[in-house]
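Coordinate inspection notes
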Amino acid sequence: MKTLSLSPVTPFFMNSAPKPSRKHKAYDWLDYLRKSNGLGGILAKTEDLARIKSALGIALDKLGLGHLSPKIDAGWHSGSQDELFLLVSSASIASRLQQNLPSLINELSKLGLKCSTIKVKMKPTPAGWEVKPRANDQQHRKPQGFNAIAKKSWEELLEKLAPDSELRKTVERLLQHKAK
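Residues numbered from 1 in each chain as written. Predicted model: local features only at pLDDT ≥ 70, side-chain atom pairs only at ≥ 80, totals over all residues. Heavy atoms only, no water.

Here's the deal with the overall build of the protein chain
A tally of regular secondary structure across the protein chain gives six helices and three strands. Along the protein chain, from the amino end to the carboxyl end, the secondary structure elements read α-α-β-β-α-α-β-α-α. For the protein chain, buried positions account for 27% of its 180 residues. With the model as given, the accessible surface of the protein chain reaches about 13,000 Å², and the carbon-plus-sulfur share is 56%. (Helix = DSSP H or I, 4+ residues; strand = E, 2+ residues; numbered from the N terminus. Buried < 20%, exposed > 50% of the residue type's maximum accessible area, 1.4 Å probe, protein only. Areas by Shrake-Rupley, 256 points an atom, 1.4 Å probe, with all protein chains shown as cover.)

Rendered as structure tokens:
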């Protein structure tokens, strides 16, 4: 028999109070514990999940699908103790399970896990990439000067301007600062 590990996070489809965000303070956590009947309620739900996962693993082994067990999260549908939810990571796993649902329901009932229906759903795919800033990020550096084409264009404009105009003085200052 396989040893199964459970995630400490209760899946969204379980009958439990919503978990507060990390921004909340300690008294909000106390409210969460009260709504879920304290740690005993959370522990009971966790034990129920472990029992479901174990029975599901055994049933899948009997059907020749034991290799799929680590890729499946199981739990009861909210408000119902006879509708089992299976969350899978890929469409191929979902279709394999869909083809074997009657046999799976039968095997689970033999193991003492009574369920009338099983719903198979796809897990949302997490982003496989992460945006990381580059070590020498070009965006945050100030431009060092004009490229050759820009410098030539400014110099041509400077030649066309009157020697005593304010615009000429501004362009001269611009060329001096950008040449550094």
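Back to the text.
Focus: helix 4 (residues 101-110)
Think of an α-helix as 3.6 residues a turn; residues three or four steps apart then line up on the same face. Along helix 4, the residues that are buried comprise Leu 101, Leu 104, Glu 107 and Leu 108. Down the axis of helix 4, the smallest arc covering the buried residues is 125°, so these residues share one side. Opposite the buried face of helix 4, by more than 90 degrees, sit the exposed residues Pro 102 and Lys 110. The first or second residue beyond helix 4 is Gly 112, which carries a positive phi of 90°. (Arc of directions from axis to C-beta.)

A look at helix 3 (residues 91-99)
Along helix 3, the positions that sit buried rather than exposed are Ile 93, Ala 94 and Leu 97. Summarising the axial view, the buried residues of helix 3 lie within an arc of 100°, below the 170-degree limit, and thus occupy one face. Those residues of helix 3 that are exposed and angled more than 90 degrees off the buried face are Ala 91 and Gln 99.

Remarks on the sheet that holds strand 2 (residues 83-88)
The strand order across the open sheet formed by three strands is 1-2-3, and the pairing between neighbours is mixed. One side of each edge strand has no neighbouring strand; the edge strands of this open sheet are strand 1 (72-76) and strand 3 (117-122). Each strand axis lies, on average, 25° off the axis of its neighbour in the sheet, ignoring direction. For strand 2 and strand 3, the ladder comprises six bridges, and the chain directions are parallel. Pairing of Leu 87 across the sheet is with Lys 121, part of strand 3. (Pairing = 2+ DSSP bridges. Axes fitted to C-alpha atoms, helices over the stretch in contact; angles between N-to-C directions.)

Some details on the nonpolar core
Membership of the largest hydrophobic core comes to 23 residues, with the highest contact counts inside it found for Ile 72, Leu 86, Leu 97, Leu 104, Leu 108 and Ile 118. The element contributing the most residues to this core is helix 2 (residues 38-62), with five residues. Setting aside residues no more than four positions away along its own chain, Ile 72 makes contact with Lys 53, Leu 56, Leu 60, Leu 86, Leu 87, Val 88, Ile 93 and Leu 97. (Core = buried A, V, L, I, M, F, W, Y, C linked by side-chain atoms within 4.5 Å. Contact = heavy atoms within 4.5 Å.)

Things to note about the pairing of strand 1
Counting buried positions along strand 1 yields four of five residues, so the element is predominantly enclosed. One ladder, built from five bridges, connects strand 1 with strand 2; its direction is antiparallel. Bridge assignment links Ala 74 to a residue of strand 2, and that residue is Leu 86.

Quick word on the packing of helix 3 against helix 4
Packing of helix 3 against helix 4 leaves a shortest axis separation of 5 Å and a crossing angle of 70°. The angle between helix 3 and helix 4 places the two elements in the roughly perpendicular class. Residue-level contacts link Leu 97, Gln 98 and Gln 99 of helix 3 to Leu 101, Pro 102 and Leu 104 of helix 4. Class assignment for the residues of the contact of helix 3 with helix 4 results in four nonpolar, two polar and no charged. (Parallel < 35°, antiparallel > 145°, perpendicular 65-115°, else oblique. Nonpolar A, V, L, I, M, F, W, Y, C, P; charged D, E, K, R; others polar.)

Things to note about the side chain of Lys 53
With respect to the helices and strands, Lys 53 occurs in helix 2. Although Lys 53 lies buried, it forms no salt bridge, and the closest oppositely charged side chain, Asp 73, sits 4.6 Å away as judged by the N-O distance. From its side chain, Lys 53 meets the backbone oxygen of Ser 69 in a polar contact 2.8 Å long. (Lys, Arg positive; Asp, Glu negative; His and termini not counted. Salt bridge = Lys/Arg side-chain N within 4 Å of Asp/Glu carboxyl O. Polar contact = N/O pair within 3.5 Å; in protein donor to acceptor, adjacent residues only side chain to side chain.)

Quick notes on the pattern of salt bridges
All told, the structure shown has six salt bridges when counted by the stated rule. Note that Asp 73 and Lys 123 form a salt bridge whose closest N and O atoms lie 2.9 Å from each other. Here Lys 123 lies in the loop between strand 3 and helix 5 (148-160) and Asp 73 lies in strand 1, a separation of 50 residues in the sequence. Taking the relative accessible area as the measure of exposure, Lys 123 reaches 28% and is therefore partly exposed. Across the pair Arg 168 and Glu 172 runs a salt bridge, and its minimum N-O distance is 3.3 Å. Taken together, the residues span about one helical turn, with Arg 168 and Glu 172 both in helix 6 (residues 166-179) at a distance of four residues. Take Glu 172: its relative accessible area is 32%, and that puts it in the partly exposed class.

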